[in-house]
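These are the residues of each chain, in order.
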Amino acid sequence: MTEPVLTLDGLSVRFPGSEPAVADLSLTVAPGEVLSLIGESGSGKSTTLHAIAGLLPPEAKVSGDMRLAGRDGNLFAPDMDRQGVAGRQIAMIFQNPGASLNPVLTIGAQLDEVVRAHRAVSRTEARAVTEELLDAVGLPRTGPQAKDWSRAYPHQLSGGQKQRIAIAAALVGDPALLLADEPTTALDATVQAQILDLLLRLVDERGIAIIFVTHDLAVAASIGDRIVVLKDGTAQEEGRAQQIIKSPSAAYTARLVAASLPFTKEAGAGHDQMQSASDSDALILDNIHRSFAARGGGRVQAVGGVSLRVNPGEIVGLIGESGSGKTTLGRIAVGLEQADLGRVSIGFSPLDFERDRQAIQMVFQDPLACFNPRQTVLGAIGHPLRCLRGLKRAAIRKAAYGLLEDVGLDPALGDRQPHQLSGGQLQRAAIARALAAGPRFLVCDEAVASLDVSIRAQVLELLDRLRIRDGLGLLFISHDLGVVQRIADRTVVMRHGVEVEAGPTAALLSAPKQPYTRQLLASVPSGERPWRAARAAVTKDGRRPGA
Amino acid sequence: MKWMRCHGGLIGGLVLLVIALIALCAHLIAPGDPLNMVARPLTPPFTDPRFPLGTDHLGRNILAGLVHGARVSMTVGAAAAAAAISVGILVGTLAGFSGRIIDDALMRITEAFQTVPTFLLALALVSVLGASAANVVIAIGISSWPPTARLVRAEVLRLKGADYVDAARLAGRAPLAIAFLEVLPGALQPVVALIGITVGEAILVESALAFLGLSDPNLISWGGMVANGRALLRTAPYLVVLPGIAIAVAVLAVTLSGDGLARRLGILGRR
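Student: Honestly, the overall build of chain B in this entry has me stumped. Any pointers?
Tutor: Check the secondary structure of chain B and you find 12 helices and zero strands. What you see in chain B, going N to C, is helices and strands ordered as α-α-α-α-α-α-α-α-α-α-α-α. The C-alpha extent of chain B, read off along each of the three principal axes, is 75 × 45 × 30 Å. Taken over 271 residues, chain B has a buried fraction of 46%. Excluding contacts between residues fewer than 6 apart, the proportion of contacts in chain B whose partners are at least 24 apart in sequence is 69%. Total accessible area on chain B is roughly 13,300 Å²; 70% of this is exposed by carbon and sulfur atoms. Here chain B contributes 20 positive and 14 negative side-chain charges, whose respective centroids are spaced 6 Å apart.

Here's what the structure looks like:
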């Protein structure tokens, strides 16, 4: 084995006045190796990355031993000179690449600046290096996708393209180690696949080592040679990626693996088809159109003629990438948005949202954003009880307590402010508020996307229980195929505002008919068929993993 | 610098409290009318124990002037800022909640006010209305509301699209309840950050108006004291320096405490 690029020994990080964020963590990364660091929020994975990069705030107490190849001494020692470490030997990319780009400068100007900061070159030479780097990250000036990318401004680029620019900037210093902090979390599945491919290509071609931080086990296993599982700042388990997801040895990892719902070709849909209900009580969206005024005149069509039906007691999954119009459709279904054309009805009567507000409710993606920070949770749950059900003071309190218990929350939590609850607790409270209206249908807009996997499983369970017990019909909007596969009876795939394909979930996901659906399914990191191996097989001179 | 950011609010608040106490107890500290001639003119400071800060060219007690002037400066400043912020909140709320036409109209009016420098507008208004304390308050109020209006409108527009407002709509709350109970409390919070600046500016404008002789002639004020002393700047600089220091300290204290309050509430960045 070659000398490791990075050796961490006994890293501990502590912020004043709190428990240690990272405790006694040791890890090594070899050249050309990808190490996935996985954990739920608060596990200390980002803190570890920031400690390595030297980006922690000064009040953080860091102890331990960090060695870089080709450098003497412990880089965590207080008087250690870190000059030339961050940016040269170690580079970093982040979850939100747009935040590090200056909106008023062209990409070329910004990359030139980075190049000139690292190398003593003239402007024209710098531009040549910039072009080279853009080419390396898949934004070539010649070829089929040619475009003069260096003249583009950040707002003209998509999220994936911005992440490529960030990677290009990271490559300038010819780093031996790339720190990647959830670089694909904010991206759509197909774009995520491309970025992961790019990172693996850089590993193969340049022998860069990567520490890849993610909360997504499937992504971690797809890109990583090895995985380190973190919880509460301590390593629970470390081992080869395949071994960890197939036969985890630590109890926590086993729970994580069980709770992560990777999309698989084999697994069938969750439950049996419900009795097909008559039209008279189904939620029917009929030929919905909606367009918005675009910036600089003209109109952008968000939804262009989608019809959809949700039966009572049925969960309909609505999947699509960002910009597919799925959120707009959900908002039209609950009356937060008006359709330009088409109608929303329950049974045969069109919904009048002024009168029938309680029939259909919504659970939002970000539980913290959907509660007024200046009201208690109980107060928020009280609104629908008072406004839609016409209850009085004492009855409201009693009903709200009942609802909190119903969703598995301690009623005492109701008197707290939203920010005093965890994400999972708050999402349960959001479901309780939606239920308070006494709805027949619930629209869940990415309702579990912001939750940690173990909490996500509990919320999904809760939704499923409500479906069975109350005969609630759910329109489940999600970008996560693994979740939709487990929970939805039927699934609708949307793209560019129109329906691509619809059908029973099991049939649709195991045998997609449309090319777009197939592409969507292929881009999901399954974790079970590592991309690295797949990539190495197709690259002529690519090194095989673990070679 | 860091120490100042942590403790500036506390120090500002304490100084402000002292000034307020002095203003409240002005008649106890320096009884009688501060405009009365009480001693030999131009007594230098720290020479006569009865008049520790000396007297001006008409033999008026400077300490009494400063103490009573605090009363005028602080009340006029606070009242004017309160007027400006109230008008700003009203206009901003109306613009934020109403439709395109009213919003556009109100914003154009706001911009029209903003294009005229605050001080010039206040000056013009006082010249027209006449120099009295009430008119100075009105003039400053009318000329310094636009920043508050723009801030409130922007916040209302931002919060109108917030998830929790959508959730309130789904919960069946009435539009007025959503506007006043869900959106407005959040939109008003950042106004706290403007209070310090607005009050500070109001005190400055009041002093400047008084300097130009456009304040109530029967009330002593810091700006007026500077104006009176400027002819004797060479022979008795303390006539200008002492009230000048008073103005600077008061404005600094107000700004610092406003800043500290905003930080405490988490509106500005912590530390």
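Student: It is not clear to me how the nonpolar core should be interpreted in this structure. Could you clarify?
Tutor: Here is a general trend for soluble globular proteins: nonpolar side chains tend to be buried in one another's company. Residues and elements named next belong to chain A. Membership of the largest hydrophobic core comes to 84 residues, with the highest contact counts inside it found for Leu329, Ile360, Ile381, Ile431, Leu463 and Phe476. Among the elements that take part in this core, helix H12 (residues 423–436) stands out by supplying eight residues, more than any other. The contact partners of isoleucine 360, leaving out residues within four places of it in the chain, are Leu283, Ala333, Val334, Leu351, Phe353, Pro439, Phe441 and Val443. In this structure, Leu101, Leu157, Ala170 and Leu199 belong to the second largest nonpolar core, which totals 38 residues.

Student: Would you explain a nonpolar patch on the surface in this entry?
Tutor: Among the surface-exposed residues, Leu10(B), Leu14(B), Leu17(B), Leu21(B) and Leu24(B) lie close enough to one another that they form a single nonpolar patch of about 540 Å² accessible area. With respect to the helices, strands and loops of the structure, Leu17(B) is situated in helix H1 (residues 2–24).

Student: What am I meant to see in the side chain of Thr110(B) here?
Tutor: Residue and element names in this part refer to chain B. Within the fold, threonine 110 resides in helix H4 (residues 100–115). Accessibility expressed as a relative area gives 0% for threonine 110, which makes it buried. Setting aside anything within four residues of it in sequence, one finds threonine 110 in contact with Val91, Trp145, Pro146, Ala149 and Arg150.

Student: What's the story with the confidence of the model for chain B in this structure? I'm lost.
Tutor: In low-pLDDT regions, the fine details of the predicted coordinates are not to be read closely. Looking at chain B, pLDDT values average 88 and 96% of them are 70 or higher. Across the assembled chains, the prediction reports ipTM 0.76 with pTM 0.78.

Student: Quick question: what am I supposed to make of the packing of aromatic side chains here?
Tutor: Two descriptors summarise a pair of aromatic rings, namely the distance from one centre to the other and the angle between the planes of the rings. Scanning the model with the defined rule gives one aromatic pair over all chains in all. When the ring centre of Phe371(A) is taken as origin, the NZ or CZ atom of Arg433(A), which lies over that ring, is 4.3 Å away.

Student: Can you walk me through the interface of chain A and chain B in this structure?
Tutor: The parts lose accessible area when they come together, and the size of an interface is often stated as this lost area. Taken together, the contact between chain A and chain B spans 22 residues of the former and 14 residues of the latter. Measuring nitrogen to oxygen at the nearest pair gives 2.7 Å for the salt bridge that ties Asp166(B) to Arg331(A). The tally of links from chain A across to chain B stands at 10 residue pairs in polar contact (both at pLDDT 80 or more). Elements supplying a minimum of two residues to the side of chain A that touches chain B: helix H9 (326–334), strand S15 (360–363) and helix H10 (377–387) of chain A. Broken down by class, the residue content of the side of chain A that touches chain B amounts to 11 nonpolar, five polar and six charged.

Student: Just checking my understanding: could you explain the sheet that holds strand S3 (residues 34–38) of chain A for this structure?
Tutor: Pairing between sheet strands relies on hydrogen bonds along the backbone, with the strands arranged either parallel or antiparallel. Residues and elements named next belong to chain A. If you walk across this open sheet you meet the six strands as S5-S6-S7-S3-S8-S9, and the pairing is mixed. What marks the edges here is a single partner per strand, and that holds for strand S5 (90–93) and strand S9 (234–240). On average, adjacent strands in this sheet sit at an angle of 15 degrees to one another, irrespective of strand direction. Two elements, S3 and strand S8 (residues 226–231), share four bridges in a ladder whose sense is parallel. Paired with isoleucine 38 across the bridge in S8 is valine 229. Sheet strands touched by helix H8 (residues 251–259): S8 and S9. Its angle to S8, the strand with the most contacts, is close to 100 degrees.

Student: I tried to follow helix H4 (residues 159–171) of chain A on my own but got confused; where do I start?
Tutor: Residues three or four positions apart in an α-helix share a direction because the helix packs 3.6 residues into each turn. Residues and elements named next belong to chain A. Taking 1.5 Å per residue, 13 residues should reach 18 Å; H4 reaches 19 Å between its end C-alpha atoms and fits that length. Among the residues making up H4, those that are buried are Gly160, Gln163, Arg164, Ile165, Ala166, Ile167, Ala168, Ala170 and Leu171. Buried residues belonging to H4 abut S5, helix H2 (107–118), helix H3 (123–136), strand S6 (177–181) and helix H5 (189–206).

Student: Could you clarify how one ought to interpret unusual backbone geometry in this entry?
Tutor: Leaving glycine aside, a negative phi is the common case for residues, and trans is the common case for peptide bonds. Residues and elements named next belong to chain A. For asparagine 287, which is not a glycine, the phi torsion comes out positive at approximately 50 degrees. As for its position among the elements, asparagine 287 is in strand S10 (residues 283–293). Residue class for asparagine 287 comes out partly exposed when judged on its relative accessible area of 35%. Phi angles above zero are rare outside glycine, and histidine 496 is one such case at about 50 degrees.

Student: Help me out: how do you make sense of the sheet that holds strand S11 (residues 299–310) of chain A in this one?
Tutor: Residue and element names in this part refer to chain A. Read across the open sheet, the four strands follow the order S11-S10-S13-S14; overall the sheet is antiparallel. Edge strands, defined here as strands with exactly one partner in the open sheet, are S11 and strand S14 (349–350). Direction of pairing for S10 relative to strand S13 (residues 341–346): antiparallel, over a ladder of five bridges. Bridging from a neighbouring strand, leucine 285 pairs with valine 344 of S13. This element, H9, spans S10, S11 and S13 of the sheet and lies at about 120 degrees to S10.

Student: Teacher, can you tell me more about the environment of Val191(A) here?
Tutor: Relative to the helices and strands, Val191(A) is located in helix H5. For Val191(A) and Thr234(A), which are 43 residues apart along the polypeptide, the C-alpha to C-alpha distance reads 32 Å.

Student: When you look at the pairing of strand S18 (residues 490–495) of chain A in this model, what are you seeing that I'm missing?
Tutor: Remark: a regular strand shows side chains that alternate across the two faces of the sheet. Residue and element names in this part refer to chain A. By the bridge criterion, four bridges tie strand S12 (residues 315–319) to S18 in an arrangement that is parallel. Opposite isoleucine 319, over in S18, you have valine 493 as the bridge partner. Two elements, S18 and strand S19 (residues 498–504), share six bridges in a ladder whose sense is antiparallel. Of the residues in S19, the one forming a bridge with valine 492 is alanine 502. Hairpin geometry of S18 and S19 is characterised by an intervening segment of two residues between the two adjacent antiparallel strands and by a positive phi of about 50 degrees at histidine 496.

Reading the values: the criteria
Residues numbered from 1 in each chain as written. Chains lettered and ligands numbered in written order. Predicted model: local features only at pLDDT ≥ 70, side-chain atom pairs only at ≥ 80, totals over all residues. Heavy atoms only, no water. Helix = DSSP H or I, 4+ residues; strand = E, 2+ residues; numbered from the N terminus. Buried < 20%, exposed > 50% of the residue type's maximum accessible area, 1.4 Å probe, protein only. Contact = heavy atoms within 4.5 Å. Areas by Shrake-Rupley, 256 points an atom, 1.4 Å probe, with all protein chains shown as cover. Lys, Arg positive; Asp, Glu negative; His and termini not counted. Charge placed at Lys NZ, Arg CZ, Asp CG, Glu CD. Core = buried A, V, L, I, M, F, W, Y, C linked by side-chain atoms within 4.5 Å. Patch = residues over 30% accessible without salt bridge, like charges linked within 9 Å, V, L, I, M, F, W, Y side chains within 5 Å. Salt bridge = Lys/Arg side-chain N within 4 Å of Asp/Glu carboxyl O. pLDDT = per-residue confidence, 0-100. Phe/Tyr/Trp six-rings, centres within 6.5 Å; stacked < 30°, edge-to-face > 60°. Lys NZ or Arg CZ within 6 Å of the ring centre and 35° of its normal. Polar contact = N/O pair within 3.5 Å; in protein donor to acceptor, adjacent residues only side chain to side chain. Nonpolar A, V, L, I, M, F, W, Y, C, P; charged D, E, K, R; others polar. Pairing = 2+ DSSP bridges. Axes fitted to C-alpha atoms, helices over the stretch in contact; angles between N-to-C directions. Expected span 1.5 Å × (residues − 1).

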